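Here are the chains, one letter per residue:
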Number of protein chains: 4
Amino acid sequence: MFEIVITPGVHNTDGLGHINNGVLAEWFETARTPIYKIFTPSLEFMNNQWQLIMVHSEYDFYNQIFFKRDVVIRTFIKKIGKTSFTVYHELFQENKKCASGSVVLVYYDYATEENLDITDEIRKKLKKHFYRY
Amino acid sequence: MFEIVITPGVHNTDGLGHINNGVLAEWFETARTPIYKIFTPSLEFMNNQWQLIMVHSEYDFYNQIFFKRDVVIRTFIKKIGKTSFTVYHELFQENKKCASGSVVLVYYDYATEENLDITDEIRKKLKKHFYRY
Amino acid sequence: MFEIVITPGVHNTDGLGHINNGVLAEWFETARTPIYKIFTPSLEFMNNQWQLIMVHSEYDFYNQIFFKRDVVIRTFIKKIGKTSFTVYHELFQENKKCASGSVVLVYYDYATEENLDITDEIRKKLKKHFYRY
Amino acid sequence: MFEIVITPGVHNTDGLGHINNGVLAEWFETARTPIYKIFTPSLEFMNNQWQLIMVHSEYDFYNQIFFKRDVVIRTFIKKIGKTSFTVYHELFQENKKCASGSVVLVYYDYATEENLDITDEIRKKLKKHFYRY
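This write-up is about the structure you can find in this document. Just so we're clear, the structure is a prediction, and the values are computed from it rather than from any experiment.

## Concerning helix α1 (residues 23-31) of chain B
Next up, step 1: Counting buried positions over the nine residues of α1 of chain B gives eight, a clear majority of the element.
Next up, step 2: Every buried residue of α1 of chain B is accounted for by Val23, Leu24, Ala25, Glu26, Trp27, Phe28, Glu29 and Ala31 of chain B.

This is the structure:
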């Protein structure tokens, strides 16, 4: 499990006075950086070093998230297939689960536009963060 | 069906040179404004006039979206329940379907925190935009 | 002069019920695409084709901008120096000037990290959009 | 002085591989929350509790900011007038000053649309964070 704390800003709110739902895509992406690092230790975009592409994402909203308090995001791995895997995120505010989300990422060569097989080495690193509840 | 055209900006791209996946939540939300208008003709947030809350969203990404060309978003209604309904979006760039998404919105009273029954009048207006393919 | 129309989305608002000030950086950037095109006709980021870097920006806010109505942005060139130039933007909503902004962009080689001299050809194209009021 | 640390996300980058300039408006706004708290201890937007409006902002960019490393933002007060004051921000990455910015905020009653005089109590609290270098 990876855990990050994010302090919401006014720009993350919308006219309804709560955090806009679209912000979760951004916050969850920030929470995935340690996973990106497993695939691209340099975290460099150039020279075909980045080899992940998103094919699916989904979000469930249980409680409104507000501006005034920090947000905790926990990130897990849920499934690992041949060329893709699922990341699962949970968002808490004051210990209340407010939202969760899953994204499916494919190990992908942007240059050849082909899916890549997830290596055993990467698989082992991902497995350390499996969701077990 | 509702259709809007959006011109991507540089800020919508990311280090991979394409449009960042999180932008879709924003663009699809902009595409839903005519639907919000069915519920809140004034489009005012204040005084409990806004009565929709999102409980679920999901996105499928088929092809990368790029900065250089306009994007067309088509918006439909897919399901109407007792207190909630599903909006379906399709995103095209150069006539290629690049992404789609669904969001479930609940007709909701923010003051009492209770779900509201979708009225026949609203139901009739939503049905005009049903997805039939 | 270049002119674009932007339809605000709910995500552009903040808890005060108006458009968040930070959105202007994004909208004005979208308005500058035709200027970027003068420097990089392909609008491609890769292979050192993009050769502009921002060194300064400023924004003046005269009236609140709201969600409900389209926004018109007019874009002009204000000054052209040896290696840099100033772009000036004005934002209107319902014919009321709500904000303006200026950004200074330098013609810049990202690979060598050196400023480039603005060529006569580019200078001529920029001059067509000079602000004269 | 107030100091915050922000971890950039992929969505903060653009096609040039660095952090998009528009992100600074958001990050600096997050850095101003403790200042907003001086004026609105509840940090609530509703019932006319929020009484600050931005009239000017400006940003200077000295060095590109990159995705891979945390960013430190230091926030100071620079000037206090009768009804307005200036906040000054500096952004560092790996101890290198990459950008700075100033925003002018007016103490403002959104309901009556009138400027308010900054009270002695607030003035005293702001002065504790004066920029002196």
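## Here's the deal with the pairing of strand β5 (residues 96-109) of chain C
Residue and element names in this part refer to chain C.
Next up, step 1: By the bridge criterion, nine bridges tie strand β2 (residues 52-61) to β5 in an arrangement that is antiparallel. Bridging from a neighbouring strand, Glu58 pairs with Ser102 of β5.
Next up, step 2: In this sheet, β5 lies alongside strand β4 (residues 84-93) in antiparallel orientation, the contact comprising ten bridges. Paired with Val87 across the two strands is Val103, which belongs to β5.
Next up, step 3: The antiparallel hairpin formed by β4 and β5 contains two residues in its connecting segment, where Glu94 sits at a positive phi of about 50°.
Next up, step 4: The sheet contact formed by β5 and strand β6 (residues 114-115) spans two bridges and is antiparallel. Pairing of Tyr108 across the sheet is with Asn115, part of β6.

## A look at the relation of the copies chain A and chain B
Next up, step 1: Aligned on chain B, chain A shows an RMSD of 0.0 Å; the corresponding rotation is 180° and the shift along the axis is 0.0 Å. Taken together, the rotation angle and the small translation identify this as a two-fold axis. Minimal C-alpha distance to the rotation axis in chain A is attained by Glu58 of chain A, lying at 2.0 Å.
Next up, step 2: A high fraction, 100%, of the interface residues of chain A reappear at the interface in chain B, so the copies pair face to face through one surface.

## A word on the interface of chain A and chain B
Next up, step 1: Contacts between the two partners involve 17 residues from chain A, matched on the other side by 17 residues from chain B.
Next up, step 2: Counting residues per element, the ones that place at least two in the side of chain A that touches chain B are α1 (23-31) and β2 (52-61) of chain A.
Next up, step 3: The biggest single contributor to the side of chain A that touches chain B is β2 of chain A, with eight residues.
Next up, step 4: Considering only residue class, the side of chain A that touches chain B consists of eight nonpolar, five polar and four charged.
Next up, step 5: Across five bridges, β2 of chain A lies against strand β2 (residues 52-61) of chain B in antiparallel orientation. Bridged to Glu58 of chain A within β2 of chain B is Glu58 of chain B.

## Regarding the relation of the copies chain D and chain B
Next up, step 1: In the superposition of chain D on chain B (RMSD 0.0 Å, axial shift 0.0 Å), the rotation amounts to 180°.
Next up, step 2: Take the interface residues of chain D: 100% of them recur as interface residues in chain B, which is what a same-surface contact looks like.

## Some points on the interface of chain D and chain B
Interfaces are often sized by the accessible area lost when the parts come together.
Next up, step 1: Taken together, the contacts link nine residues of chain D with nine residues of chain B.
Next up, step 2: In terms of residue class, the side of chain D that touches chain B is built from two nonpolar, six polar and one charged.

## Focus on the environment of Asn21 of chain B
Residues and elements named next belong to chain B.
Next up, step 1: When you line up the elements, Asn21 lands in the loop between β1 (2-6) and α1.
Next up, step 2: On the basis of neighbour counts, which here come to 24 C-beta atoms within 10 Å, the residue Asn21 falls in the buried class.
Next up, step 3: In this structure the C-alpha to C-alpha distance between Asn21 and Lys79, which are 58 residues apart in sequence, comes to 25 Å.

Parameters at a glance
- Residues numbered from 1 in each chain as written.
- Chains lettered and ligands numbered in written order.
- Predicted model: local features only at pLDDT ≥ 70, side-chain atom pairs only at ≥ 80, totals over all residues.
- Buried ≥ 20, exposed ≤ 12 C-beta atoms within 10 Å, placed from the backbone.
- Helix = DSSP H or I, 4+ residues; strand = E, 2+ residues; numbered from the N terminus.
- Pairing = 2+ DSSP bridges.
- Least-squares fit on C-alpha atoms with pLDDT ≥ 70 in both.
- Contact = placed C-beta atoms within 7 Å.
- Nonpolar A, V, L, I, M, F, W, Y, C, P; charged D, E, K, R; others polar.

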